[in-house]
Amino acid sequence: MSRPHGTRSAVRPSLTELFFRLLLALYPRRVSAGEREDMLWLFRRLEADAVAEGRGVRFAAAATLDALGGLRRAYVPDRSLLAPARRAERTEFMSTLSHDVKVSLRRLARRPGNTAVAAFTLALGVGAVTAIFSVFYGVLLRPLGLTAPESLALVTLHHTERPSDTMGFWPSHLEALRDQAGNGSGLEGVAVYYYDSATLEGEGEALELDTALIVDGDFFSVLGPQPLVGRGLTREDVAFGRRSDVCVIGEQLWRSRFGADPRVLGRDLLLDGRTVSVVGVMPNAAPLPVPGVDVWIAEDFQPQNTALSGRLSLIARVDAPSSLSTAEASLAAAVTALLDEDPRLDGYTAGFHSFQDHLVGSVRNMIWTAAVGVSLLLLIACVNLASLQLARAVTREQEMATRRALGARRTQVFSQVLCESLVLSLLGGVLGVALAAGLHQLLVGLATDLLPRIHDVKLDLPVLGFALATSVAAGLLFGMLPVLFTFTRDLASSMRSALGAERPAWTRMRSAFVIVQVAMAVALSVGAVLMARSLVALGEVDPGFDGGDVGIARIFLDGDAYAADQQKAAYFDQLRELLLARPDIDAVGASSGLPMDPITIDYDVPYALAGEDPRGDVQRQAFFRTVTAGYFDAMDIPLQRGRLIDGSDRADGEQVAVINATFARRAWTGDDPVGQTFSFYGGSRTVRVVGVVGDVRFAGPADGERAEFFVPHRQITYGAMTVAARSSLGDPESAAAAISRAALELNPSQPVHSFFAMSSLESQAVASPRFLALLLSAFAIVALLLAAAGIFGALAGWVADRRREISLRVALGAGGSDILRLVFGRSALLSAVGLGLGLAIVKVGAGLLAPHLFGVDPQDAVSLGAVAIAVVVVTLTASLLPAARAARLQPTQVLRSE
């Protein structure tokens, strides 16, 4: 049936036809007016036939549905019809991509030197940033393995006027604190724990476990870890009035002692002479509440158990992070309510600290500093690559123009250039990952004793995915410049341009790249110099003792076997006698707190002088240690006045103390402190000063002055002590091993917790600044080398672009020195601008580095001057070859080539 063109019905249109016309008007523009007229003509013919046969209503309904369906198909094409076309498009795309990749590989292979330089430059940036990201992700971002860790908080008791004055809770406090959970308090639950020693026997040689935790029945339900094997402890495991008969062990102990045997469940262990059964294994990655716990045992904390007074720590789970202030106020109110029953809480309140900050807060700033430094290095590498690619695009300008003149589409040229950049970036990324593997091992070795989540620092899929994303992003970043250069140049002028013709806009861009590289290198170099000077300043600090020949051993006595104070005191007296009998030991002593020991409990207690009310508003604070005879001699802490603690200071004798110089100066300025008295523990204990010793940098070389006092171990007895033995042979490791052997000789069931040289603690005390100094120094060296390469490339390109001008100057009488001044002047200008920009970056970012510096100002003139001299040397060195080439240009050869 065909439509008779040129005819139009004079019949008045029906409502169905009007609706059909409306639908035709909604068709997309690709349906032409002629096609719409044909569809309308056919509709009229069919409608006329239907009305004549009495099917008008049915036709109207069917036609409306058909029209709506056609309208939908006009906008949403049938996918089945498009499938062959799409398959063809995909095939064409893959074919084009394969072709572009092959061409890119051939082009890169043709210039192996340039390709190797570019790939290695990117590999340096990607490898360094990937290694640092593995630390960043493992410590700060990797999931903790706990349920909603952001809703966990540590609860502490601290003095309202002296926040540094903190203490733990008492068993008698727990019921009132637990009652705060629910009822709109913001608290979901409270977990209780304390650290204790534990010796594993019956599995070969007795082993003092690294960390043992005594917990309540809610501990695992509040933290919500996922066990590797078995389960956690519950309220049903708590035995009334004593420790339970079951335990949970850590992954490290499970693997080292039991070979990761899953049949460890139900196995009986002999811990401190008690048999307990293993019901679960917890992963290393889960901090419960810190990584590396070896065993958890449940205990019923009875209110009348005074042995745990002030020892209990709390972890609270809040309804949501936003409920933290509400929960803190609820527990503070509970503490206030306890004042009537416990006057020891007078002036104290409950405070919340983020659980995640507790784990990583001490290293967060250091990791961010390293991340910023490596990001600057990656930026320098990318800028260097962009400069190289831009230079390559300039040399290929005529080639690209010819391709476009011969009919190549812009998309073809775009894909080819970008593909070459991406192939190069992936090659650099692969080399970077290989480099990152080595750097990762180096970083883990440097930071083993520094990072709190060292088990979580690894090269796994998230880190490798980051490396891939970084490589691709770098490829896109430096690959876009050649594309921009290609498409912003006029085709005719590109075809006419001679190789080496000056291109001011792109020359200025390469100069800008050099300025950015120099600025970033200056920022990194200043940071490295400041950290190095800070490290030197720390090394020059007198710590107040000589630990060079001292061996150390930590001993945590079993609370059941050595329950009485006399037993504890006798143990350390006997151990000291055994060691002094050895000819290779000069002096032996023990202390409850050792300088620079990261696991020492630092007791900061208020004290009152004679005549002062010890229960009043005492503002005096001093750090407290209990030591045995011989401790000051073993550590070579000098006596300034009076006498040291010795064997005459017995439990039933006069209560005495030795103070340090800062205590003496603050308490009795101008008076002789020997013979003076003071009280502590709320006035319950008064001591007479018998001697004054020199100050010790207890927390490390950067530690400031602090008042300290020492009491005889026989008078205030602890079971957890650190023994120091000075070697007469200058061999601290053998002295430390001697302590371990003597401990086993004294009691085979009471091994030492750990033993090592005192020098390792001194080294660990500066681990953080040393880590940053080494890291930033490595970054700075690489950054200066990349900046030198950037200066060299920019100057070489600049000389090539302006060789006609230089030749004309030579022809007009300019000498070699004039040309050298021209090139060196250009180099000096770029470096000076980069140096100024870098110093501005240093000024802005000084706050990030300031917390890590000691004895050095972030704006230190000597450091800034040293970096400025280094930049001048690097600039001159990188400028020599381009300047020499410029000076050797022969005008006749250049003009003839033009």
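Relevant structure appears above.
Below is a short write-up of the structure. None of these values were measured; they are calculated from a predicted model.

Parameters and conventions
Residues numbered from 1 in each chain as written. Predicted model: local features only at pLDDT ≥ 70, side-chain atom pairs only at ≥ 80, totals over all residues. Heavy atoms only, no water. Salt bridge = Lys/Arg side-chain N within 4 Å of Asp/Glu carboxyl O. Buried < 20%, exposed > 50% of the residue type's maximum accessible area, 1.4 Å probe, protein only. Helix = DSSP H or I, 4+ residues; strand = E, 2+ residues; numbered from the N terminus. Pairing = 2+ DSSP bridges. 1 Å grid on protein atoms, 1.4 Å probe; cavity = no way out; pocket = protein on both sides within 12 Å on 5 of 7 lines; lining within 4 Å. Points joined across faces, edges and corners; volume = space filled by probe spheres on them. Nonpolar A, V, L, I, M, F, W, Y, C, P; charged D, E, K, R; others polar. Core = buried A, V, L, I, M, F, W, Y, C linked by side-chain atoms within 4.5 Å. Contact = heavy atoms within 4.5 Å.

**A few points about the pattern of salt bridges**
- According to the stated counting rule, one finds 24 salt bridges in the structure shown.
- As a salt-bridge pair, Asp237 and Arg231 come within 2.8 Å of each other at their nearest N and O atoms.
- For Asp237, a relative accessible area of 13% corresponds to the buried category.
- Here Glu299 makes a salt bridge to Arg243, at a shortest N to O gap of 3.0 Å. Of this pair, Glu299 sits in strand 11 (residues 295–299) while Arg243 sits in strand 8 (residues 243–250); the two residues are 56 residues apart in sequence, bridging distant segments of the chain.

**Notes on the environment of Leu820**
- If you trace the backbone, Leu820 turns up in helix 23 (residues 816–844).
- Leu820 sits 59 residues away from Ser879 along the chain, and the two C-alpha atoms are 9.5 Å apart.

**Things to note about the pairing of strand 6 (residues 212–215)**
- Every second residue of strand 6 is oriented toward a common face, with Ala212 and Ile214 on one face and Leu213 and Val215 on the other, all of them buried.
- As paired strands, strand 3 (residues 187–196) and strand 6 are joined by 4 bridges and run antiparallel to one another. Bridge pairing in strand 6 links Tyr195 to Leu213.
- As defined by bridge partners, strand 6 adjoins strand 11 across 4 bridges and the pair is classed as parallel. When the bridges of strand 11 are listed, Leu213 appears paired with Trp296.

**Side note on empty space enclosed by the protein**
- The tally for this structure, following the rule as stated, stands at 7 cavities of 30 Å³ or more.
- Each pocket or cavity is described by its volume, and for the second largest cavity that value is around 60 Å³.
- Around the second largest cavity, the lining residues are Gly593, Pro595, Arg625, Tyr631, Ile637, Asn660, Val693, Gly694, Val696, Phe698, Glu708 and Phe710.
- In terms of residue class, the lining of the second largest cavity is built from 7 nonpolar, 3 polar and 2 charged.

**Quick notes on the pairing of strand 22 (residues 708–712)**
- The element strand 22 is extensively covered by neighbouring structure, given that 5 of its 5 residues are classed as buried.
- Neither face of strand 22 is open: one carries Glu708, Phe710 and Pro712, the other Phe709 and Val711, and all of them are buried.
- Note: strand 17 (residues 621–627) against strand 22, 5 bridges, orientation parallel. Bridge pairing links Thr626 to Val711 in strand 22.
- Both strand 19 (residues 656–660) and strand 22 contribute to a ladder of 2 bridges, which runs antiparallel. Looking at the pairing, Val658 lines up with Phe710 of strand 22.

**A few points about unusual backbone geometry**
- A cis amide bond, omega -5°, links Leu288 with the succeeding residue Pro289.
- Within the fold, Pro289 resides in the loop between strand 10 (274–282) and strand 11.
- If you check the backbone angles, Met596 has positive phi at about 70° while not being a glycine.
- With respect to the secondary-structure elements, Met596 resides in the loop between strand 15 (585–591) and strand 16 (603–609).

**Notes on the nonpolar core**
- Core analysis: the biggest nonpolar cluster contains 116 residues, and Phe219 and Trp296 have the highest contact counts within it.
- Looking at this core, the element that brings in the most residues is helix 10 (residues 355–395), giving 19 residues.
- Once you skip the residues sitting within four places of it in the chain, Phe219 turns out to touch Ala191, Val192, Tyr193, Leu213, Leu288, Pro289 and Trp296.
- Core analysis: the next-biggest nonpolar cluster, separate from the first, contains 44 residues, Leu177, Val192, Leu253 and Leu269 among them.

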